[in-house]
Amino acid sequence: MLALTPRLQAEHPGPVVLVIDGNAVEDEARLSGQSFEQTLARYRSQGIGGVAIYEQTVGNLLEQGLLLGQAGGALSLQYPQAGFRLGWSYLSGDAELLRRIAAQWDIPSEFRTAGGRTWLGTPVNVASYPVGYDAELVRRLKAQGYYLVFRPINAARRKLPAPGSGTAIVPPETDAIVFNGTEVLGNPNQLEEAIPLLQGKPIGWIEATPQEGFSRLARELPVLRLFSLKPEWQEKLKPAEVADKFVLAARERGHQILYLRPYPLFEDTQNLLARLKDDLERSHIPIGTPKVRDFTPSPLRLAAWVGVLAGLGLLALGYPAPWGWPLAGVLLLGALGYARGDAGPLLAALVFPVLGFLERRPGMQLWLAAVLYALAGVVFLAALGSDPRAVLGLETFKGVSLTLVVPPLLVALSFLPAAWKPALERLWAHPLRLGEVSLVLFGLALIALAVLRRGNDAAGAIVPEWELQLRAWLQDAMVRPRFKEIFAHALAPIALLIPWPTWIKNGMLMLIAVGIASILNTFSHYHTPLAISLFRVLNGILVGLILGGLGLIVVRRLRKWWLG
């Protein structure tokens, strides 16, 4: 437990900053006839504390009237003797601005003079190419006290300036950097050159939006977790639903930058911000300047290997000879081969959910032993797996599917008697019955469903709408437990307090093992604070046992009626 102290001290919700997308504000300003800063000030009065400023492109300068663009074909008609090239694109404007722009790109270019103007020509359309930031706007916003998020653009043909050249890609006033697009600045071949240009500023890790090259930069730069919703998804949700998602991200997943986009109607955005501020306050999450969560893992964490190996030894002793130690060896070698340096957490997740089932305790004592062993395994898993990159979500637990498949298989193997050969012969010769086959297939289907439903990605394809609504209701009422755990705890009294035939009871124990394994699976989501994961597990036990108690009464009465 002492090994977890640095992580426990570092992971606390907030402070969070509410940041609004600058491009969305600019679009709204155009529609309303107001200036960018006037529109932004209206949102600030509603609780917005920061704004995301995108790096400008050639297209932005054309819209602002700072550049004039013409096709080479049109210019050659106007000035046939000036040497304009067909198929090229040309820009005209301030000569110093043109030279500064040309120096940023590694593409062929030329300068022409015609009609009293200087023209910069390129063989491709460069409207989307980055050209830096509006320094005056940035300075004004910073003077007004905004938290500034800068969004630089990576481009394949971009020349990164040398450090100390006096050319800054990132404004020095920037508080955090969130890369625009699907890759970071300098990816893939200029990452080392990009690092000093980012000035040591925190970089935003956008959940569920991987950006190529981010992991490399995250080794050198501080990281803040960022949560946002895609505009097309947000518009399908009510303001209260959107607010709930942002609060959940801040409370249960450690997000610090809440990146918002306004609704088409200001009233909807107003409702969203009001609900969001109220819910953050009720959750005791302060609004302010986010701080980088970093910590140095305790050297005591390596002592958790002793606990993992002790658990592996208990597992070996729990199986009849000669299977115990060879099985433990296979698990150890398999974990080392699959997860390598992360083998310790994986072994804990595979071994400890099984240990309580090997003790063959009567009644609910077996369930209690399984839960206690699982919670002991949680300590070893969290101690070995908790490092800053894992807690930020940059590195994930290896072997999530294995943690839901291997434990029930190990429990099934524990049912083999010491005289296993005659038992297998009897099983092979056992006449098949339709009821038995149906129950076995049903059990296997439930295990397969648990594996397919791991994480959040399957929600749209496998989880029915009524369950999504139930999840949302539970989420509002408490730290939502995982349904696999609720199911296992509810099944435990039904399986252990009713005299079932052995093969039916063993089948239910395998299903319970999936839910017990899910306890360690819950804690393998390192980006979730330990306290939240603990409450999730405890709520699962509470809800599951209540449902199990009711189910026990119903099943006993049905069984009594069936048996006459």
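This is a predicted model, so every value here is computed, not measured.

### Quick word on the pairing of strand β7 (residues 117-122)
Item 1. Here four bridges tie strand β5 (residues 89-93) to β7, and the two strands are oriented antiparallel to one another. Bridged to S89 within β7 is T122.
Item 2. Linkage of strand β6 (residues 110-114) to β7, two consecutive antiparallel strands, is achieved through a turn of two residues, within which G115 is found at a positive phi near 60°.

### Thoughts on the environment of E173
Item 1. Looking at the secondary structure, you find E173 in the loop between β9 (147-151) and β10 (176-177).
Item 2. Each C-alpha atom, one on E173 and one on Y147, is 9.2 Å from the other, the two residues being 26 residues apart in sequence.
Item 3. With residues near it in sequence (within four places) discarded, E173 still touches V138, R139, K142 and L148.

### Let's talk about the packing of helix α22 (residues 483-496) against helix α23 (residues 502-523)
Item 1. Two elements in contact, α22 and α23, have axes separated by 8 Å at closest approach and are oriented at 145°. Between α22 and α23 lies a crossing of left-handed hand. Contacts between α22 and α23 pair K484, E485, F487, A488, H489, L491, A492, A495 and L496 from the former with K505, M508, L509, L511, I512, V514, G515, I516, S518, I519 and T522 from the latter.
Item 2. Taken together, the residues that form the contact of α22 with α23 break down as 13 nonpolar, four polar and three charged.

### A closer look at the nonpolar core
Item 1. By size, the foremost hydrophobic cluster in this structure holds 59 residues, and its most contacted members are L315, L331, F357 and I512.
Item 2. Elements represented by at least two residues in this core include exactly α13 (304-317), α14 (324-339), α15 (343-358), α16 (364-385), α18 (400-414), α22, α23 and α24 (530-563).
Item 3. Tallying contributions element by element places α15 first for this core, with twelve residues.
Item 4. If sequence neighbours within four positions are ignored, I512 has contacts with F357, A488, L491, A492 and A495.
Item 5. If you look at the next biggest cluster of nonpolar residues, it comprises 33 residues, including L18, I20, I53 and Y263.

### Focus on the side chain of R301
Item 1. On the secondary structure map, R301 appears in the loop between α12 (266-282) and α13.
Item 2. In terms of polar contacts, R301 uses its side chain to reach the backbone carbonyl oxygen of L384, at 2.6 Å.
Item 3. Ignoring anything within four residues of it in the chain, the contact list for R301 reads A3, A383, L384, G385, S386 and D387.

### With respect to the packing of aromatic side chains
Item 1. For the coordinates displayed, the defined rule picks out eleven aromatic pairs.
Item 2. Taking the centre distance of 5.9 Å and the plane angle of 75° together, the rings of Y133 and F150 count as edge-to-face. Taken together, the residues Y133 in the loop between β8 (130-132) and α7 (135-143) and F150 in strand β9 connect sequence positions 17 residues apart.
Item 3. Here the aromatic cluster, defined as three or more aromatic residues joined through ring pairs, consists of Y79, F84, W88, Y90 and W119.
Item 4. The ring of F266 has R42 sitting right over it, with the charged end atom 3.9 Å from the ring centre.
Item 5. Here R44 stacks its cationic end above the ring of Y146, 4.4 Å away from the centre of that ring.

### Describing helix α11 (residues 239-252)
Item 1. Here α11 contains 14 residues, and its C-alpha end-to-end distance of 20 Å stays within 8% of the 20 Å for a straight helix at 1.5 Å per residue.
Item 2. Of the residues one or two after α11, G254 is the one with positive phi, at around 70°.

### Description of unusual backbone geometry
Item 1. The omega angle of the peptide bond from N187 to P188 is 0°, so this bond is cis rather than trans.
Item 2. Considering the arrangement of structural elements, one finds P188 in the loop between β10 and α8 (191-197).
Item 3. Within the chain, H284 stands out as a residue other than glycine whose phi angle is a positive 60°.
Item 4. Positionally, H284 belongs in the loop between α12 and α13.
Item 5. Even without being a glycine, R360 presents a positive backbone phi close to 55°.
Item 6. Residue position: R360 is located in the loop between α15 and α16.

### Things to note about the packing of α13 against α16
Item 1. Packing of α13 against α16 leaves a shortest axis separation of 9 Å and a crossing angle of 140°. With respect to their mutual orientation, α13 and α16 come out oblique. Seen along the crossing, α13 lies across α16 with a hand that is left-handed. Taken together, the residues of α16 that come into contact with α13 (itself represented by A304, W305, G307, V308 and L314) are Y373, F380, A383 and L384.

### Some details on the sheet that holds β5
Item 1. The antiparallel open sheet is built from four strands, whose spatial order is β4-β5-β7-β6. Each edge of the open sheet is held by one strand with a lone partner, namely β4 (67-71) and β6. Averaged over all neighbouring strand pairs, the angle between strand axes comes to 30°, with direction disregarded.

### A few points about the side chain of R293
Item 1. Counting through the fold element by element, R293 comes out in the loop between α12 and α13.
Item 2. With no salt bridge to any partner, buried R293 finds its closest opposite charge in E11, at an N-O distance of 7.8 Å.
Item 3. Once residues lying within four places of it in the same chain are set aside, the contact partners of R293 are A10, H12, P13, G14, G254 and Q256.

### Description of the confidence of the model for the protein chain
Item 1. In the predicted model, the protein chain carries a mean pLDDT of 89, and the fraction of residues at 70 or more is 90%.
Item 2. Counted against residues more than four places away or in other chains, residues 456-461, with its pLDDT under 50, gives four contacts.

### So, the pairing of strand β2 (residues 50-54)
Item 1. The element β2 is extensively covered by neighbouring structure, given that five of its five residues are classed as buried.
Item 2. Side chains G50, A52 and Y54 of β2 all project onto a buried face; the interleaved residues V51 and I53 project onto the opposite face, where all are buried too.
Item 3. Bridge count between strand β1 (residues 17-21) and β2: three bridges; the pairing is parallel. When the bridges of β2 are listed, I20 appears paired with V51.

Parameters at a glance
Residues numbered from 1 in each chain as written. Predicted model: local features only at pLDDT ≥ 70, side-chain atom pairs only at ≥ 80, totals over all residues. Heavy atoms only, no water. Pairing = 2+ DSSP bridges. Helix = DSSP H or I, 4+ residues; strand = E, 2+ residues; numbered from the N terminus. Contact = heavy atoms within 4.5 Å. Axes fitted to C-alpha atoms, helices over the stretch in contact; angles between N-to-C directions. Left-handed = near helix turned anticlockwise from the far one by under 90°. Nonpolar A, V, L, I, M, F, W, Y, C, P; charged D, E, K, R; others polar. Core = buried A, V, L, I, M, F, W, Y, C linked by side-chain atoms within 4.5 Å. Buried < 20%, exposed > 50% of the residue type's maximum accessible area, 1.4 Å probe, protein only. Polar contact = N/O pair within 3.5 Å; in protein donor to acceptor, adjacent residues only side chain to side chain. Phe/Tyr/Trp six-rings, centres within 6.5 Å; stacked < 30°, edge-to-face > 60°. Lys NZ or Arg CZ within 6 Å of the ring centre and 35° of its normal. Expected span 1.5 Å × (residues − 1). Parallel < 35°, antiparallel > 145°, perpendicular 65-115°, else oblique. Lys, Arg positive; Asp, Glu negative; His and termini not counted. Salt bridge = Lys/Arg side-chain N within 4 Å of Asp/Glu carboxyl O. pLDDT = per-residue confidence, 0-100.

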